[in-house]
Amino acid sequence: MARGGRVSWAALGEEISRWRDAGRKVEFWWRDDDATAPTAAVRKLLQLSKETRVPLALAVVPLGAQAQLFDDFEAQALMHGTDHRNRAASGAKKTEFPEGEPDDAVLERLARARTYLEALAGAAFVPVLAPPWNRFRRELLPALAASGWRGFSAYGPRDAVRPAGITQVNTHVDIIDWRGTRAFCGEEAALAAAARHLAARRAGVADAAEPTGWLTHHELHERSAWNFLERLFERTRHLGAQWLDASTIFTSAR
C-alpha cells in the first residue's frame, strides 16, 4: 500500500479512537444507488453485505426494477426517485424533480412508483426517498411526511431545519470520482473524507447525531473498490465502529 494509504487508515483509526476516548461510539451507514436488476455487481454487493454483516441500504429505481432483484434479497430497499430520468432544463444541474414540475405531479409520480416498489420488495422496503443526483425540492418534504414517507437521504451535511415527521440522514463519503475517472476515488481520498466528517461531528461543526454515510455505486466498482470496501468493513468493525441499518436510522429520533 502506498504511503498515503497507510496515513489515511491510521488517521481514520485515530479519529475513531478519539470518539471512543470521549465515551462516544462512531456510527456509519451504507447506501448504494441505481439498482434495478440482479446483475453480477448487485449479487456481489449483497454477498459482501452478508459476509461482512454490514447492513446495506440499496436505493432502487422503482419503475426500472425487476422482480428478480428481490429473490434471496438480504438488504433493505430505499426508493431512488421514480425512473432516474433527468428532467432538468438544458444547461441546469441534473435532477429528476425540476422546479417547473407541478407539485401534484411530483407527488403523484412518487406515490405511483412507491406502490410498485412496495409490491416488489415487500418487507424489505423502507419508505425513504434517496433521489437521483441527490437533488430534490426541499419545500416538498412536508408533503412527503404527510404521505407516509419516513425518511429522506441526499449527500453532504443535512439541513439544519427539517420538517416534522421525516428523518433526513445523508451520505457523506462517495467512493466514486465523478469529476475525473468515474471509478474508485482511491483509499486516501475516501478515508480522508470520512475522517473529516467524523472530526466535524465530534467538534460540533457538523451534526453529531447524523451517522456518517458511505455512498457506493455497484456498477462502477472495479477490483480496487471491492477490495477497499472489504478492508473498510473489517477494520472499522475491529475498531469498534457500528454500522447501522436503514430501519434503525430512519425510525429513531436523530
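Residues numbered from 1 in each chain as written. Predicted model: local features only at pLDDT ≥ 70, side-chain atom pairs only at ≥ 80, totals over all residues. Heavy atoms only, no water.

Peer 1: Describe the environment of Leu46, with residues and values.
Peer 2: Take Leu46: it is sitting in helix H2 (residues 40–52). Taking the relative accessible area as the measure of exposure, Leu46 reaches 14% and is therefore buried. C-alpha of Leu46 to C-alpha of Gln76: the two residues are 30 residues apart in sequence and 10 Å apart in space. Discounting chain neighbours no more than four positions away, the residues touching Leu46 are Leu56, Phe73, Glu74 and Ala75. (Helix = DSSP H or I, 4+ residues; strand = E, 2+ residues; numbered from the N terminus. Buried < 20%, exposed > 50% of the residue type's maximum accessible area, 1.4 Å probe, protein only. Contact = heavy atoms within 4.5 Å.)

Peer 1: Tell me about the nonpolar core, residues and numbers included.
Peer 2: Counting residues in hydrophobic clusters, the biggest one holds 61 residues, and the most contacted among them are Val60, Leu110, Phe136, Ile175, Trp214, Phe228 and Leu232. Within the second largest apolar cluster, 10 residues are counted, among which are Ala57, Val126, Val128 and Leu244. (Core = buried A, V, L, I, M, F, W, Y, C linked by side-chain atoms within 4.5 Å.)

Peer 1: Give me the pairing of strand E2 (residues 57–60): which residues, what numbers.
Peer 2: Residues of E2 alternate between two faces, with Ala57 and Ala59 on one and Leu58 and Val60 on the opposite face, all of them buried. Sheet topology note: the strand E1 (residues 27–35)/E2 ladder contains 3 bridges and is parallel. Residue pairing in the sheet places Asp32 in a bridge with Leu58 of E2. Of the crossover connections in this fold, the one passing from E1 over H2 to the parallel E2 is right-handed. Here E2 pairs with strand E3 (residues 76–79) via 4 bridges, running parallel. By the bridge assignment, Leu58 is partnered in E3 with Ala77. (Pairing = 2+ DSSP bridges. Right-handed = clockwise from strand over helix to strand, strands pointing away.)

Peer 1: Could you give me a rundown of the packing of H2 against helix H6 (residues 223–238), with the residues and numbers involved?
Peer 2: At a minimum axis distance of 11 Å, the contact between H2 and H6 shows a crossing angle of 15 degrees. The orientation of H2 relative to H6 falls into the category roughly parallel. Crossing hand, H2 versus H6: right-handed. Taken together, the residues of H6 that come into contact with H2 (itself represented by Ala41, Lys44, Leu45, Leu48 and Thr52) are Trp226, Leu229, Glu230, Phe233 and Arg237. (Axes fitted to C-alpha atoms, helices over the stretch in contact; angles between N-to-C directions. Parallel < 35°, antiparallel > 145°, perpendicular 65-115°, else oblique. Left-handed = near helix turned anticlockwise from the far one by under 90°.)

Peer 1: Can you lay out the packing of helix H5 (residues 187–203) against H6 for me, pointing to particular residues and giving the numbers?
Peer 2: In the contact formed by H5 and H6, the axes pass within 11 Å of each other and the chain directions differ by 35 degrees. By crossing handedness, the relation of H5 to H6 is classed as right-handed. Along its contact with H5, which presents Glu187, Ala190 and Leu191, the element H6 presents Phe228, Arg231 and Leu232. Residues belonging to the contact of H5 with H6 are distributed by class as follows: 4 nonpolar, no polar and 2 charged. (Nonpolar A, V, L, I, M, F, W, Y, C, P; charged D, E, K, R; others polar.)

Peer 1: So, the confidence of the model for the chain: which residues are in play, and what are the values?
Peer 2: Note that predicted coordinates carrying low pLDDT should not be read in detail. In this model, the chain carries a mean pLDDT of 94, and residues with pLDDT of at least 70 account for 96%. The low-confidence segment residues 1–5 (pLDDT under 50) makes 7 contacts with residues lying over four places distant or belonging to another chain. (pLDDT = per-residue confidence, 0-100.)

Peer 1: Report on the pairing of E3, specifying residues and quantitative values.
Peer 2: Side chains Gln76 and Leu78 of E3 all project onto a buried face; the interleaved residues Ala77 and Met79 project onto the opposite face, where all are buried too. Sheet topology note: the E3/strand E4 (residues 125–129) ladder contains 2 bridges and is parallel. By the bridge assignment for E4, Met79 is matched with Leu129. Handedness of the E3-helix H3 (residues 103–121)-E4 crossover: right-handed.

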